Amino acid sequence: MAAPEFIENVEQLRALAPVVTAPIRHHVFVCTGKSCSARDSAEVLAAFEGELKQRGLLFGREAKGKNPRGSIVVTECASVGFCSIGPAVMVYPDGVWYAQVRAADVAEIIEEHLLKGRKVKRLALLQLPSDGQAAGSERTTDWEV
């Protein structure tokens, strides 16, 4: 089987991947791995997609009800390492990992974190890069933007 052709023309790449020219500000990963899915992560994912679509912020194809100029990408992913306290949600480029997220929390994460730049402290478990605290130390709750 022949290797796929490597595309060197940047304009051709941009035409094939419109995300590279979109005004993306955040990438939200929602874990739907085995443990998180047992804690209703599918509802969390649906809540992110629905709320962001309604606000016109969800990047994607218009044919799928999304906005090709949207500023937020949502990606379903497998385990991020702490599914036992899931559903887990990671927000980049801020490097914030949220734990025990419920569908009812999604509007608050969108409004406070994604739009206003303020982490939702009651759900924030970790911010990368990590401060290197040993396991069992108190969780940091006073992050600044």
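Residues numbered from 1 in each chain as written. Predicted model: local features only at pLDDT ≥ 70, side-chain atom pairs only at ≥ 80, totals over all residues. Heavy atoms only, no water.

> So what's going on with the overall build of the protein? Which residues, and what values?
Looking only at helices and strands, the protein has four helices and five strands in total. In sequence order, the secondary structure elements of the protein are arranged as α-β-α-α-β-β-β-α-β. For the protein, the residues scored as buried account for 34% of the 145 residues in total. Look at the contacts in the protein between residues 6 or more apart in sequence, and 57% of them connect residues 24 or more apart. Carbon and sulfur atoms provide 52% of the accessible area of the protein, an area that totals close to 8900 Å². (Helix = DSSP H or I, 4+ residues; strand = E, 2+ residues; numbered from the N terminus. Buried < 20%, exposed > 50% of the residue type's maximum accessible area, 1.4 Å probe, protein only. Contact = heavy atoms within 4.5 Å. Areas by Shrake-Rupley, 256 points an atom, 1.4 Å probe, with all protein chains shown as cover.)

> For unusual backbone geometry, give the residues involved together with the corresponding values.
Across the junction of Gly86 and Pro87, the peptide omega takes the value 0°, indicating a cis bond. Structurally, the position occupied by Pro87 is in the loop between strand S2 (72–77) and strand S3 (89–92). The omega torsion of the bond from Tyr92 to Pro93 falls at 15°, within 30 degrees of zero and hence cis. Within the chain, Asp40 stands out as a residue other than glycine whose phi angle is a positive 70°. With respect to the secondary-structure elements, Asp40 resides in the loop between helix H2 (34–37) and helix H3 (41–54). Of note in this structure, Gln100 is not a glycine but carries a positive phi near 55°. Along the chain, Gln100 falls in the loop between strand S4 (96–98) and helix H4 (106–115).

> Tell me about the pattern of salt bridges, and please be specific about residues and values.
All told, the structure shown has eight salt bridges when counted by the stated rule. Close ionic contact of Arg55 with Glu51 constitutes a salt bridge, the shortest N to O distance being 2.8 Å. Here Glu51 falls in the partly exposed class, since its relative accessible area comes to 22%. The partner of Glu112 in a salt bridge is Arg118, with the nearest N and O atoms 2.8 Å apart. Among the residues examined, Glu112 registers a relative accessible area of 22% and is labelled partly exposed. One salt-bridge network, held together by shared partners, links Glu51, Arg55, Glu111, Glu112, Lys116 and Arg118. (Salt bridge = Lys/Arg side-chain N within 4 Å of Asp/Glu carboxyl O.)

> Residue-level account of the environment of Phe82, with values.
Mapped onto the secondary structure, Phe82 falls in the loop between S2 and S3. Residues Phe82 and Leu125, 43 residues apart in the sequence, show an inter-C-alpha distance of 10.0 Å. Phe82 has contacts with Ala88, Trp97, Tyr98, Ala99 and Leu125, leaving out every residue within four places of it along the chain.

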